[in-house]
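A structural walkthrough
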Amino acid sequence: MSNRQVFDALVLPHLDAAYNLARWLLRSEQAAEDATQEASIRALRHIGSLRGDDARPWLLGIVRNTCFTLLERTRNEAQWLDFDEAEFEAALIQAPPRDADPVLQLQQQRTRTQIDAAIRALSPPLREVILLREFEDLDYAQIAKIAGVPIGTVMSRLARARDKLRAALSSIALGE
Amino acid sequence: MSLDDPNLSSLIKRHATRHAAPDALRAGIHTQVTLAEAGRSETIAPQSSKRHAWFALRWRTAAVSFAMGLACAALVLPLAQRLDLNAPLDAELVADHVRALQVGPLTEVVSTDRHTVKPWFQGRLDYAPPVFDLAAQGFPLMGGRIVHVRGSVVATLAYARNRHVIDVFVWPSTAQSAPLRSLHKGFNVLHWADGSMQYWAVSDLERAEMERFAQAWQQQAAAQ
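Residues numbered from 1 in each chain as written. Chains lettered and ligands numbered in written order. Predicted model: local features only at pLDDT ≥ 70, side-chain atom pairs only at ≥ 80, totals over all residues.

1. Observations concerning the overall build of chain B
Within chain B, the secondary structure is distributed over seven helices and seven strands. Starting at the N terminus and ending at the C terminus, chain B contains elements arranged as α-α-α-α-α-β-α-β-β-β-β-β-β-α. Looking at chain B as a whole, 27% of its 224 residues are labelled buried. Within chain B, contacts between residues separated by at least 24 positions form 50% of all contacts whose residues are at least 6 apart in sequence. (Helix = DSSP H or I, 4+ residues; strand = E, 2+ residues; numbered from the N terminus. Buried ≥ 20, exposed ≤ 12 C-beta atoms within 10 Å, placed from the backbone. Contact = placed C-beta atoms within 7 Å.)

2. Digging into the overall build of chain A
When its secondary structure is counted, chain A shows nine helices and zero strands. Each helix and strand of chain A, placed in order from N terminus to C terminus, yields the pattern α-α-α-α-α-α-α-α-α. Taking the intrachain contacts of chain A between residues at least 6 apart in sequence as the baseline, contacts between residues at least 24 apart amount to 68%.

3. What about helix H3 (residues 29-45) of chain A?
With 17 residues, H3 of chain A extends 24 Å between its outermost C-alpha atoms, agreeing within 8% with the 24 Å of an ideal straight helix rising 1.5 Å per residue. Among all positions of H3 of chain A, only Ala-32, Glu-33, Ala-35, Thr-36, Gln-37, Glu-38, Ala-39, Ser-40, Ile-41, Ala-43 and Leu-44 of chain A are buried. (Expected span 1.5 Å × (residues − 1).)

4. Comments concerning the pairing of strand E7 (residues 197-203) of chain B
Residue and element names in this part refer to chain B. When you tally the buried positions in E7, you get five out of seven residues, the bulk of the element. Pairing geometry for strand E4 (residues 164-172) and E7, over six bridges, is antiparallel. Bridge pairing in E7 links Val-168 to Ala-201. Where strand E6 (residues 187-194) folds back on E7, the antiparallel hairpin that results is connected by two residues, among which Gly-195 adopts a positive phi of roughly 100 degrees. (Pairing = 2+ DSSP bridges.)

5. Let's talk about the packing of helix H7 (residues 124-135) of chain A against helix H8 (residues 140-147) of chain A
Residues and elements named next belong to chain A. Taken N-terminus to C-terminus, the directions of H7 and H8 make an angle of 140 degrees; their axes are 10 Å apart at the nearest point. Relative to H8, the element H7 is oriented oblique. Where H7 crosses over H8, the two elements pack in a sense that is right-handed. Facing Glu-128, Val-129, Leu-132 and Arg-133 of H7, the residues of H8 in contact are Ile-143, Ile-146 and Ala-147. Split by residue class, the contact of H7 with H8 holds five nonpolar, no polar and two charged. (Axes fitted to C-alpha atoms, helices over the stretch in contact; angles between N-to-C directions. Parallel < 35°, antiparallel > 145°, perpendicular 65-115°, else oblique. Left-handed = near helix turned anticlockwise from the far one by under 90°. Nonpolar A, V, L, I, M, F, W, Y, C, P; charged D, E, K, R; others polar.)

6. Some remarks on the interface of chain A and chain B
In this assembly, 29 residues from chain A lie in contact with 27 residues from chain B. Elements that contribute at least two residues to the side of chain A that touches chain B include exactly helix H1 (3-11), helix H2 (15-25), H3, helix H6 (102-121) and helix H9 (151-168) of chain A. In terms of residue count, H3 of chain A provides more of the side of chain A that touches chain B than any other element does, eight residues in total. Of the residues belonging to the side of chain A that touches chain B, the class tally is 12 nonpolar, six polar and 11 charged.

7. Some points on the packing of H7 of chain A against H9 of chain A
Two measures define how a pair of helices packs: the angle their axes make with one another and the distance between the axes. Residue and element names in this part refer to chain A. Where H7 meets H9, the closest approach of the two axes is 9 Å, and the angle between their N-to-C directions is 95 degrees. Taken as axis vectors, H7 and H9 run roughly perpendicular relative to one another. Residues Pro-125, Leu-126, Val-129, Ile-130 and Arg-133 of H7 form the contact with H9, whose participating residues are Val-154, Arg-157, Leu-158, Arg-160 and Ala-161.

8. Focus on H9 of chain A
All names here are of chain A. Its 18 residues place the ends of H9 26 Å apart at the C-alpha level, agreeing with the 26 Å of an ideal helix rising 1.5 Å per residue. Those residues of H9 not exposed but buried are Val-154, Arg-157, Leu-158, Ala-161, Arg-162 and Leu-165. An end-on view of H9 places all buried positions within 135 degrees of arc, on one side of the element. Exposed side chains of H9 directed beyond 90 degrees from the buried face belong to Gly-152, Asp-163 and Ala-167. (Arc of directions from axis to C-beta.)

9. Topic: the sheet that holds strand E1 (residues 109-110) of chain B
Residues and elements named next belong to chain B. Read across the open sheet, the seven strands follow the order E1-E2-E3-E4-E7-E6-E5; overall the sheet is antiparallel. The open sheet is flanked by E1 and strand E5 (176-184), the only strands paired with a single partner. Direction of pairing for strand E3 (residues 152-161) relative to E4: antiparallel, over a ladder of seven bridges. Counterpart to Ala-158 in the pairing with E4 is Asp-167. Lying over the sheet, helix H7 (residues 207-223) contacts E3, E4, E5, E6 and E7, oriented at roughly 20 degrees with respect to E6.

Functional significance is not addressed by these values, which are geometric in nature.
This is the structure:
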């Protein structure tokens, strides 16, 4: 198989996961797209280093490093975002269908907003371990490898992140 | 040691937003990967594959391109001025761009399809200008027209960028030059040549966007 075929077969299926991680680690859609694209090219160039390993954590590791490099690079730049008219209109169009129960929907929407905001509020090192653990179901060893820290650090970061999330989400019944 | 919190986990899994990769991103990666692979196969010129990867990775920072622009300008400007090539032509093209926007026609053939625009030039020109669809890169094609510049007939392509219009004037030239930027009455004029055609892009778009456009164009040209 050529590099391109390996890339198409093993890497491309995880593009959604890659973009999701980038979108959660970075501030804007544009930045997330740029990072995912850059990471994909890097993945293609280093496809040889993927020797029978699971492609998903490998790709997520590349995405993660690309994002943190990007964050480092833009840390001193202005932190505001352009108003994206297209995104705004898309969000308007995505209004929920009429026939569903509006109260329930409103509740779900609120829950989503609260959880998203709580995750966003975590510092990048904490957000990263939560994303890899809860979204991607990676084990501690895989997360440690991606984040470049010992497993003990992963566990303590996870514990701290969860404490913060629980505190932020105390208004939502966690037992439901 | 049970660290996981099943309640919190299920809450996050059920409710937190999962962002799916946009189609435009998939298309972009497909293009970049194809470009990068094409660059690699040109093993005769190792420089070339390096350059493709360089473009593909978007490592171009404002500082680098500015420095390169400066270096190119320093190299080419004295020559261009001696040949009396640069300044007056800028003015002429900007004037034509403004006139097209004021009274029109901006496009004599209106189409976003390059397979409609390119054949339209048949029989109107004694050369075949390249026409690219750069919609995926954010510069949709609007159409084309013909203008007269210094006694020769010149193909002109119009591209949109949000509310801005970019006019690209294309006519044959055997010269080769990297993008050279100038500013005329507030309009950015970007000029480059690839050995078969010369290109003059005129717009009120900001410099970085213009350079992105030129880069997108050159990538398309390289992919042909």
